[in-house]
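Structure at a glance
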Amino acid sequence: MAIDAVIFDFGGVLIDWNPDYLYRTLIPDPEERRHFLTQICSPDWNLEQDRGRPWNEAIAERTALFPDQAALIRAFRERWHEMLAGPIEPAVDLVARLHQAGIPLYGLTNWCEETFKLARPQMGFLQYLRDVVVSGVEKLAKPDPHIFHRLLDRNGLTAATTAFVDDNEPNILAATAIGFRAIHHRDAADTEERLRALGLRF
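Residues numbered from 1 in each chain as written. Predicted model: local features only at pLDDT ≥ 70, side-chain atom pairs only at ≥ 80, totals over all residues. Heavy atoms only, no water.

With that settled, consider the overall build of the protein chain. Across its full length, the protein chain holds 11 helices and 7 strands. Here the C-alpha radius of gyration of the protein chain, 18 Å, is about what a compact globule of 202 residues would show, namely 17 Å. Looking at the protein chain residue by residue over its 202 residues, the buried ones come to 49%. Within the protein chain, residue pairs in contact and separated by at least 24 positions form 67% of the contacts whose partners lie at least 6 positions apart. With the model as given, the accessible surface of the protein chain reaches about 9600 Å², and the carbon-plus-sulfur share is 50%. Across the protein chain, the mean location of the 22 positive side-chain charges is 3 Å away from that of the 30 negative side-chain charges. (Helix = DSSP H or I, 4+ residues; strand = E, 2+ residues; numbered from the N terminus. Rg over C-alpha atoms; globule rule 2.2 N^0.38 Å. Buried < 20%, exposed > 50% of the residue type's maximum accessible area, 1.4 Å probe, protein only. Contact = heavy atoms within 4.5 Å. Areas by Shrake-Rupley, 256 points an atom, 1.4 Å probe, with all protein chains shown as cover. Lys, Arg positive; Asp, Glu negative; His and termini not counted. Charge placed at Lys NZ, Arg CZ, Asp CG, Glu CD.)

Have a look at this one:
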């Protein structure tokens, strides 16, 4: 079936966000930093903010469990902007060329509503997207299938004729199960090649 739309994830695909950018300055030792970012301010903990949990609740919950790490935990929100390195230009260029070719483009991102607003000035690529579903707004997060269906339903799309680009394997597996033509993003050149293999011309 011909592909008639493409959905892009944001973090790790179109914009460079990584807690390590901040915490390598706060926790110089690599093992201590790895422990903090996997066991204290972990991806699962951060995902709850992406799903809509308020930051004050998140910080209070972690500092109650790890009071000796309170300053480092607070930094996750207070210095959040230092985790954001900006657009990933080769991927943004790919999106611009797809847009110029008239291919309908959409965004589906796990992102806290509050910090998404802070990051918007660095998201010039939003101009190319017809709609963006943000997990923190919807109170749903990938890989929950409901958030995929929300974007499909809101825009009259069909999974089988839509390509989905994401750098996270669980999200790719969830999208594939729904019927998307899913592309596990590694870099812009590889994703471009795979989009062309699906029959897109741009």
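We are not done yet, so read on.
Taken N-terminus to C-terminus, the directions of helix H9 (residues 145-155) and helix H10 (residues 169-178) make an angle of 60 degrees; their axes are 10 Å apart at the nearest point. For the element pair H9 / H10, the angle class is oblique. With respect to the hand of their crossing, H9 and H10 are arranged in right-handed fashion. Contacts between H9 and H10 involve Pro145, Phe148 and His149 from the first element and Asn171, Ala174, Ala175 and Ile178 from the second. (Axes fitted to C-alpha atoms, helices over the stretch in contact; angles between N-to-C directions. Parallel < 35°, antiparallel > 145°, perpendicular 65-115°, else oblique. Left-handed = near helix turned anticlockwise from the far one by under 90°.)

Moving on: helix H3 (residues 43-50). Turning to H3, its buried residues are Trp45, Asn46, Leu47, Gln49 and Asp50. Residues of H3 that are buried sit in contact with strand S2 (15-17), helix H2 (30-40), helix H4 (55-65), helix H5 (70-78) and helix H8 (135-138). In the stretch just after H3, Gly52 is the one whose phi turns positive, near 120 degrees.

Let us now look at the pattern of salt bridges. What the rule picks out here adds up to 17 salt bridges. In this structure, the salt-bridge partner of Arg154 is Asp131, at a minimum N-O distance of 2.9 Å. Residue Arg154 is found in helix H9, and its partner Asp131 is found in strand S5 (residues 131-134); the two are separated by 23 residues along the sequence. By relative accessible area, which is 15% here, Asp131 ends up buried. If you follow the salt bridges from partner to partner, you end up with Asp93, Arg97, Glu192 and Arg196 in one network. (Salt bridge = Lys/Arg side-chain N within 4 Å of Asp/Glu carboxyl O.)

Looking now at the nonpolar core. Among the nonpolar cores identified, the biggest contains 48 residues, and Phe8, Phe10, Trp111 and Phe125 are the most heavily contacted of them. With 6 residues, the single largest contributor to this core is helix H6 (residues 89-100). Each residue touching Phe8, except ones within four places of it in the same chain, is listed here: Val13, Leu14, Val95, Leu98, Leu105, Tyr106, Gly107, Leu108, Val165 and Leu195. Among the nonpolar cores identified, the runner-up in size contains 18 residues, and Ala5, Ile7, Leu108 and Ala175 belong to it. (Core = buried A, V, L, I, M, F, W, Y, C linked by side-chain atoms within 4.5 Å.)

Moving on, we get to the side chain of Asn171. Within the element layout of this structure, Asn171 appears in helix H10. Overall, the relative accessible area of 6% leaves Asn171 in the buried class. Ignoring anything within four residues of it in the chain, the contact list for Asn171 reads Lys142, Pro143, Phe148, Phe164 and Asp166.

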